[in-house]
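Structure at a glance
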Amino acid sequence: MAATVIVVRGLRAARFVIRRADVLAAREAIAGRLHRTPTFSSATLSRRLGADVHLKAELFQRTGSFKTRGVLNKLASLSPEERARGIIGVSAGNHAQALAYGAALLRLDCLVVMWRAASPQKIAATRGYGAKVDLQSEGPATVFDRLHELLEQTGRTLVHPFDDPLVAAGQGTVGLEIAEALPAVDVVLVPVGGGGLLAGIAAALDARIVAVEPELAPALHEGLLAGKPVTVAPSSVADGLNAPFIGALALETCRELGIESVLVSEDEIGEAMRFLYGAAKLACEPAGATATAALIAGKVSLERGETVVSVVSGGNVVPKIASDILISR
């Protein structure tokens, strides 16, 4: 399907819905370089909800989140000239680590634009993989402006964190693994920041997809209301979902497929994180608990006996934030 190119906050983004064939091609492109993450059943949630509930543990992926899938697929597509220019990305932390990891594998020069108040653990991990980190931005509201400046100054090749069909197709390999583990899956809950994971999983699966966002980072919710990507001021403890706007790719996916959008509170995210840590033994980050929060809070209607998967998308969290959430009630 030909892509119509639009401009979102100065970034060129393909405004079309990716297809399952794109995700299958991504799986071939990244084969052998990533973990196949497990899908666990949750007896506690199954009893509570009257459904067959499972948890896709993507926090066990390399670099601690699903982001490495999309990065490696995008990097595999670059020409020698694009690689030679070096790469650049923008991130709250998980895409940053994934991009730095991928760059190290391919011996590419990498610069990641983050912001001063980003997770110190994620900044350190990004540098640990060998990337340079720019921290001139004050926060997510201005970080894309800083990215544009550096793109013009350096001529580097952009690897967008979510609004790129190749990145989204790579993220969609999560969906292929869900389908292989649970061929009869009915419902999949996906945490949403910029929406790359959502667009990819929706392309990979013939199932009901539910997009889950923090109330304090409602980029998709506001984009659906406005009919286009709009700027928000995210401030959720789920920093991995603090995107300042929804990707055009994810928004178009939601429109075409009728994907439902659900918001969860900070308290509900905390409750889900405590549940996953205590009952499922999954030491996830707040962003990784967000989809499960919608289940626990009863915000998603389910039919008795349905097979349900909640994507636990990452495990990169500052120890103090984790401990504060885990000990609070």
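Residues numbered from 1 in each chain as written. Predicted model: local features only at pLDDT ≥ 70, side-chain atom pairs only at ≥ 80, totals over all residues. Heavy atoms only, no water.

**Remarks on the overall build of the protein**
Looking only at helices and strands, the protein has 15 helices and 12 strands in total. Scaling as 2.2 N^0.38, a compact globule of 329 residues should have a C-alpha radius of gyration of about 20 Å, and the protein matches this with 18 Å. Seen through its C-alpha atoms, the protein measures out along the principal axes to roughly 55 × 45 × 40 Å. In the protein, which comprises 329 residues, the proportion classed as buried is 59%. For the protein, the proportion of contacts with a sequence separation of at least 24, taken over those separated by at least 6, is 69%. Counting only carbon and sulfur atoms, one obtains 52% of the accessible surface of the protein, whose full area is about 12,600 Å². (Helix = DSSP H or I, 4+ residues; strand = E, 2+ residues; numbered from the N terminus. Rg over C-alpha atoms; globule rule 2.2 N^0.38 Å. Buried < 20%, exposed > 50% of the residue type's maximum accessible area, 1.4 Å probe, protein only. Contact = heavy atoms within 4.5 Å. Areas by Shrake-Rupley, 256 points an atom, 1.4 Å probe, with all protein chains shown as cover.)

**Section: the packing of aromatic side chains**
Taken as a whole and judged by the stated rule, the model has 4 aromatic pairs. Centre to centre, the rings of Phe162 and Phe245 are 5.6 Å apart; their planes meet at 70°, and the pair counts as edge-to-face. Of this pair, Phe162 sits in the loop between β8 (157-158) and α8 (165-171) while Phe245 sits in the loop between α11 (219-226) and α12 (248-257); the two residues are 83 residues apart in sequence, bridging distant segments of the chain. Both residues of the pair, Phe162 and Phe245, count as buried. Each member of the aromatic cluster is reached from another via a ring pair, and the members are Phe144, Phe162 and Phe245. (Phe/Tyr/Trp six-rings, centres within 6.5 Å; stacked < 30°, edge-to-face > 60°.)

**Structural notes on the pairing of strand β10 (residues 208-214)**
Within β10, 6 of the 7 residues are buried, which leaves it mostly tucked inside the rest of the structure. Pairing of strand β9 (residues 187-191) with β10, which is carried by 5 bridges, proceeds in the parallel orientation. Each residue of the ladder has a partner; that of Val190, found in β10, is Ala211. Handedness of the crossover is the feature at issue here: the chain leaves β9, passes through helix α10 (residues 196-204), returns alongside β10, and the resulting connection is right-handed. Summarising the sheet, β10 and strand β11 (residues 260-264) pair through 5 bridges and their orientation is parallel. Of the residues in β11, the one forming a bridge with Ala211 is Ser261. (Pairing = 2+ DSSP bridges. Right-handed = clockwise from strand over helix to strand, strands pointing away.)

**Structural notes on the side chain of Thr292**
Locating Thr292 in the fold gives a position in helix α14 (residues 286-296). Once residues within four sequence positions are removed from consideration, Thr292 is found in contact with Leu45, Leu55, Ala272, Phe275, Leu276, Ser310 and Val312.

**Here we look at the pattern of salt bridges**
One pass over the full model with this rule turns up 19 salt bridges. The salt bridge partner of Lys122 is Asp239, with a shortest N-O separation of 3.1 Å. With Lys122 in helix α6 (residues 120-128) and Asp239 in the loop between α11 and α12, this pair connects stretches of sequence that are 117 residues apart. When sorted by exposure, Lys122 lands in the same class as Asp239, which is buried. Put simply, Lys320 and Asp324 hold a salt bridge, and the shortest N to O gap is 2.7 Å. (Salt bridge = Lys/Arg side-chain N within 4 Å of Asp/Glu carboxyl O.)

**Some thoughts on the side chain of Ser310**
Mapped onto the secondary structure, Ser310 falls in strand β12 (residues 307-312). Judged by relative accessible area, Ser310 falls into the buried class, the value being 0%. Reaching out from Ser310, the side chain makes a polar contact with the side chain of Thr292 at a distance of 2.8 Å. Beyond its immediate chain neighbours, meaning those up to four positions away, Ser310 contacts His54, Leu55, Lys56, Leu189, Ala291, Thr292 and Leu295. (Polar contact = N/O pair within 3.5 Å; in protein donor to acceptor, adjacent residues only side chain to side chain.)

**Considerations on the confidence of the model for the protein**
Mean pLDDT over the protein stands at 93; residues scoring 70 or higher make up 95%. Throughout residues 1-15 the model reports pLDDT below 50, and contacts reaching past four residues in sequence, or to other chains, amount to 38 contacts. (pLDDT = per-residue confidence, 0-100.)

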